[in-house]
Amino acid sequence: MNKHKINKTYAEINARIKAGEAVVVTAEEMTKIVRREGRVKAAARVDVVTTGTFSPMCSSGMFFNFGQTTPTIKAAEVWLNNVSSYAGLAAVDAYIGATEPCGDDPLNKVYPGSCRYGGGHVIEDLLNGKKVFLKATAYGTDCYPNHLLEKEITLDDLSSALLCNPRNCYQNYNCAINLSDKTIHTYMGTIKSQGRSANYCSAGELSPLLNDPLYKTIGLGTRIFLGGGIGYVTWQGTQHNPGGARAKNGTPLTPAGTLMVQGDLKQMEPGWLKGVSIQGYGCSLAVGLGIPIPVLNEEMAGYTGVSDAELFTQIIDYAYDYSNRISRNYGEVSYAELKSGSIEVNGRQVPTAPLSSVVKAREIAETLKEWIMKGDFFLQEPVQLLPDGQE
Amino acid sequence: MYKKMYLLRFTKDNIDQPLICDLVKKYNLDFNILRADIFMQQDGVMILELSGPRKNVQAGLKYLKKYEVKVETMATVIKRDDEKCFQCGACTGRCSTGALSIKRPEMAVIFDPEKCTGCGLCVPVCPVQAMHISLDKSVRLDYQRIKYNEPAKEEVTVTEIN
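Residues numbered from 1 in each chain as written. Chains lettered and ligands numbered in written order. Predicted model: local features only at pLDDT ≥ 70, side-chain atom pairs only at ≥ 80, totals over all residues. Heavy atoms only, no water.

Chemist: Got a minute to help me understand the environment of G228 of chain A in this structure?
Modeler: All names here are of chain A. Inspection of the secondary structure assignment puts G228 in the loop between β16 (223–226) and β17 (229–236). On the basis of relative accessible area, G228 is assigned to the buried category, the value being 8%. Through-space distance from the C-alpha of G228 to that of P270 is 7.5 Å; in sequence the pair is 42 residues apart. Beyond its immediate sequence surroundings of up to four residues, G228 is in contact with Q267, M268, E269, W272 and W371. (Helix = DSSP H or I, 4+ residues; strand = E, 2+ residues; numbered from the N terminus. Buried < 20%, exposed > 50% of the residue type's maximum accessible area, 1.4 Å probe, protein only. Contact = heavy atoms within 4.5 Å.)

Quick look at the structure:
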C-alpha cells in the first residue's frame, strides 16, 4: 500500500533523537550522501537534514508590550530610538517593522540615502542588550489618563518581545541585473549599469524551502532555528506563491513559497539578527533561520539531496522590467553558476555578487545539527501543511 | 620586485615639494597614484602604489619620512569589523581590485588589505557598515595627539617593511 521503500514517522525520528541515535547531516552533506549512495540508502541511513539561511528579510518585525505606567496610558504613537512603531493595538502593545526608518533620516533626499538606522537595528540593539529610548504619546482617556511616556528600556524591561516575521525564507529569488545606463540602488543591492554586474540572494542547496520544495514536512507548527533561538512556522508567508513553474525535481524556478515565522526574542542570540542598511533602498533585518527536515522516506532524501547545479533562477532587469512589472527574463541560471562568480548574460560574462551569507547559512545548519544530536531539539510535526499549489 | 600600497600624509610645509618625482629620480621607483587630495597650504593625503627593488622602496620611504611625510600601509587605514561582517558578499560586487573576494567553494568573504586601493566603494554598499576607512586624519592631528599624550595611530616604520 505504501509507495515508499523507506518509511519513518516523526515519532520514530524523535525517539532516535532522544536515544542519541539519530543520524543528522546538513543539506550540503546530504547532497554528497545522496549522490554517493542513492536516495533509498540515504533515506535508510539519515534521519534529519538541517538547512540554513542568513540574509536580509524585509518583512520582519517585533510585537512588544512595554508595560503600564502610573497613571496608565493608552499609547497612540510609539517610537523606539525614534523609529516609529505601529501602536494601533491595545494600550501598551506595539509592532516595530524592520524597514521602518529612523524619524530624522534624510532617506533619498540625498541620493542614494545610506539609511543607517531603522526598525531592524532597534531589534538588533535590543537583542544585544543595549538600551533603547522608548517614547509614547497618547490622547488620554478616563481609564488611561497619561499623555506621555519617555524612558530608556532594555529587552529585559519589555514584558513581551515577539519576533513576528510575516514573510521570511523566500523559496528561491531573482538574480538581478541592471540594463539601464546608470548604476541603480535596489533592495537587491547596488547593481552596475549596462548589465555589468549581477546580484543574487539565496543560500542555494542549504536554503530551507529548496530542500522541501513541495512543503511536505514544513508547515504550521514546524519548530525552527530562528535568530539563534527557537522559533516556529506559524503560517505560510505573505506572497506565498507555490503555483509557479518548477523543475522536474520539484524546486521552483522563480520566487515561490514563503514562511511566516515567530519566536520569543528574549531567548535569541546576538549575531543572528542584524539590522541592515541597503544603500538607496532603506533598512531591513538580516535573519538567521534554519529548518530541520525529517527524511521520512526516499522522496524526502531526494529533495534534500538537491545540489546547487540543480537549482535554477531567472535573470531579471531591475532598472525597468521589475518596477514596471514586465514579466521577462534574460536567461535562467543555476546556483552553481551564480556561486562560481560569473554568469553568462546575452553572450557576455557578468560577475556575480551574493547578498545571502553561505558561511552563516552553513553555521546555522551545523548548529541545528548539533542541537538535534545533543537531544536539545526535537522535530515538530506540522499541524497543517502549507498550500503547495499542486492539483 | 616589491610592490605595495601606501597612504602618504603631507603637511602644509612639505606639500609643495616634488617628493614623488624624487622617488623616481633618486630611487628608480615606479609609482601609481590612485588618489591624491593635494592642495597648496593644506594638509594632504595621497594613496600610492610603489614598486621596485625592496631596498629602493625602503630607501624611498625613508626619504619621504625625512621630509616629515607620514607613511602608512593601506592595511593600517582600511579595516573590516569582523564582528559586524556576516560575510554576505555584497561588497565583492563593487570591489574592483580583488581586495574583497569570495573564497570558493566555502563562499567565505575574504578581505585582503594589501590589494585595497582605498577607493571606498565598499563602505556604502556594506549592509552592516563593517568597512572603515580613515583617510582624513592629517599629520597635524597626530601632532596634537602627541601633545595631549594620547596614543598615536599605528604607523608603519621603515624597518617593518618586508
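Further notes follow.
Chemist: Sorry if this is basic, but what is going on with unusual backbone geometry here?
Modeler: A cis geometry characterises the amide bond from Y111 of chain A onward to P112 of chain A, with omega recorded as -10°. Positionally, P112 of chain A belongs in the loop between β7 (93–97) and α3 (119–127). Here the bond from R104 of chain B into P105 of chain B is cis, since omega is 5°, no more than 30 degrees from zero. Secondary-structure assignment places P105 of chain B in the loop between β6 (100–103) and β7 (108–111). Positive phi, close to 45°, is recorded for C115 of chain A, a residue that is not glycine. Along the chain, the position of C115 of chain A falls in the loop between β7 and α3. A relative accessible area of 4% means that C115 of chain A is categorised as buried. Look at Q129 of chain B: it is not a glycine, yet its phi comes out positive at around 55°. Among the secondary structure elements, Q129 of chain B is positioned in the loop between α4 (122–125) and β8 (131–133).

Chemist: Teacher, can you tell me more about the packing of helix α1 (residues 19–27) of chain B against helix α2 (residues 54–66) of chain B here?
Modeler: Between two packed helices, what matters for the description is the angle formed by their axes and the separation of those axes. Residues and elements named next belong to chain B. Following both chains from N to C, one finds α1 and α2 inclined at 140°, their axes separated by 10 Å at the closest point. Judged on the interaxial angle alone, α2 and α1 are oblique. Viewed along their axes, α1 and α2 form a crossing whose handedness is right-handed. Residues L19, D22, L23, K26 and Y27 of α1 lie in contact with α2, whose contacting residues are N56, A59, G60, Y63 and L64. For the contact of α1 with α2, a count of residues per class yields six nonpolar, two polar and two charged. (Axes fitted to C-alpha atoms, helices over the stretch in contact; angles between N-to-C directions. Parallel < 35°, antiparallel > 145°, perpendicular 65-115°, else oblique. Left-handed = near helix turned anticlockwise from the far one by under 90°. Nonpolar A, V, L, I, M, F, W, Y, C, P; charged D, E, K, R; others polar.)

Chemist: Explanation requested: the environment of A76 of chain A in the structure shown.
Modeler: Residues and elements named next belong to chain A. Within the secondary structure layout, A76 lies in the loop between β4 (61–65) and β5 (77–80). Separated by 15 residues in sequence, A76 and A91 place their C-alpha atoms 8.0 Å apart. Setting aside its immediate chain neighbours within four residues, A76 contacts A87, T137, A138 and Y139.

Chemist: When you look at the domain arrangement of chain A in this model, what are you seeing that I'm missing?
Modeler: Where interface size is quoted, it is often the accessible area lost as the parts come together. Residue and element names in this part refer to chain A. In terms of domains, chain A is made up of domain 1 (10–57 + 164–376) and domain 2 (61–163). Domain 1 puts 28 residues into the contact, and the matching count from domain 2 is 30 residues. For the pair domain 1 and domain 2, the summed buried area comes to about 2200 Å², and 61% of that belongs to carbon and sulfur atoms. By the criterion of area lost to domain 2, the three top residues of domain 1 are L265, K266 and C283, representing 30% of everything that side buries. Here domain 1 is connected to domain 2 by zero salt bridges. Counting every contact that joins domain 1 to domain 2 gives 15 residue pairs in polar contact (both at pLDDT 80 or more). Sorting elements by how many residues they give to the side of domain 1 that touches domain 2 places strand β19 (residues 273–278) first, with five residues. When grouped by side-chain class, the residues that make up the side of domain 1 that touches domain 2 number twelve nonpolar, twelve polar and four charged. (Domains from an automatic or database assignment. Buried area = accessible area lost by both parts, 1.4 Å probe. Salt bridge = Lys/Arg side-chain N within 4 Å of Asp/Glu carboxyl O. Polar contact = N/O pair within 3.5 Å; in protein donor to acceptor, adjacent residues only side chain to side chain.)

Chemist: Where do I start with the side chain of E205 of chain A in this structure?
Modeler: All names here are of chain A. Positionally, E205 belongs in the loop between β14 (198–200) and β15 (219–220). Within the buried set, E205 has no salt-bridge partner at all; the shortest N-O distance to an opposite charge, 5.7 Å, is to K339. Contact partners of E205, with chain neighbours within four places excluded, come to A27, E28, T31, N211, V306, S307, D308, L311 and K339. (Lys, Arg positive; Asp, Glu negative; His and termini not counted.)

Chemist: I tried to follow the interface of chain A and chain B on my own but got confused; where do I start?
Modeler: Of the residues lining the interface, 24 residues belong to chain A; the matching set on chain B comes to 22 residues. Overall, the association of chain A and chain B removes approximately 1800 Å² of surface from exposure, summing both partners, and the carbon and sulfur fraction of that is 56%. By the criterion of area lost to chain B, the three top residues of chain A are K274, P354 and V359 of chain A, representing 24% of everything that side buries. Between the two partners, chain A and chain B, sit zero salt bridges. Elements that contribute at least two residues to the side of chain A that touches chain B include exactly β19, α5 (335–340), β25 (348–354) and α6 (358–373) of chain A.

Chemist: Explain the pairing of strand β2 (residues 30–37) of chain B to me, please; I cannot follow it from the model alone.
Modeler: Summarising the sheet, β2 of chain B and strand β3 (residues 44–52) of chain B pair through seven bridges and their orientation is antiparallel. If you follow A36 of chain B over to β3 of chain B, its bridge partner there is M46 of chain B. (Pairing = 2+ DSSP bridges.)

Chemist: What is the right way to look at the packing of aromatic side chains in this model?
Modeler: Each aromatic ring pair is specified by the distance between its two centres and by the angle formed by the two planes. If you walk through the whole model with that rule in mind, you get 16 aromatic pairs over all chains. Joined through ring pairs, the aromatic side chains of F54, F225, W272, W371 and F377 of chain A together with F86 of chain B make up one cluster. Its guanidinium or amino end placed over the ring of W79 of chain A, K135 of chain A lies 5.4 Å from that ring's centre, counting from NZ or CZ. Sitting over the ring of W272 of chain A, K360 of chain A keeps its end group 5.2 Å from the ring centre. (Phe/Tyr/Trp six-rings, centres within 6.5 Å; stacked < 30°, edge-to-face > 60°. Lys NZ or Arg CZ within 6 Å of the ring centre and 35° of its normal.)

Chemist: Any chance you could explain the side chain of Q171 of chain A here in plain terms?
Modeler: Along the polypeptide, Q171 of chain A turns up in the loop between β10 (160–168) and β11 (175–177). In this structure, Q171 of chain A is in contact with L209, L210, D212, P213, Y215, R246, P252, T254, P255, A256 and G257 of chain A, ignoring residues within four places of it in sequence.

Chemist: I tried to follow helix α2 (residues 27–45) of chain A on my own but got confused; where do I start?
Modeler: Spacing of three or four residues puts side chains on the same side of an α-helix, whose turn is 3.6 residues. Residue and element names in this part refer to chain A. With 19 residues, α2 extends only 14 Å from end C-alpha to end C-alpha; this falls clearly short of the ideal 27 Å at 1.5 Å per step. For α2, the principal kink sits at G38 and spans about 120°. Those residues of α2 that fall on the buried side of the exposure criterion are A27, E28, M30, T31, I33, V34, A42 and A43. For α2, the elements touching its buried residues are β1 (24–26), β2 (48–50), α4 (298–304) and α6. (Expected span 1.5 Å × (residues − 1). Bend = angle between axes of the 7 residues up to and from the residue.)

Chemist: Honestly, the sheet that holds β2 of chain B in this entry has me stumped. Any pointers?
Modeler: Note: strands within a sheet are paired through backbone hydrogen bonds, in either parallel or antiparallel orientation. Residues and elements named next belong to chain B. Strand order in the open sheet made by the four strands is β2-β3-β1-β4, with antiparallel pairing throughout. Strand pairing shows two members of the sheet lacking a second neighbour, β2 and β4 (70–73), which therefore form its edges. Between one strand axis and the next, the sheet turns through 25° on average, direction left out of account. With four bridges connecting them, strand β1 (residues 2–10) and β4 associate as antiparallel partners. Looking at β4, one finds that L7 is bridged to E72.

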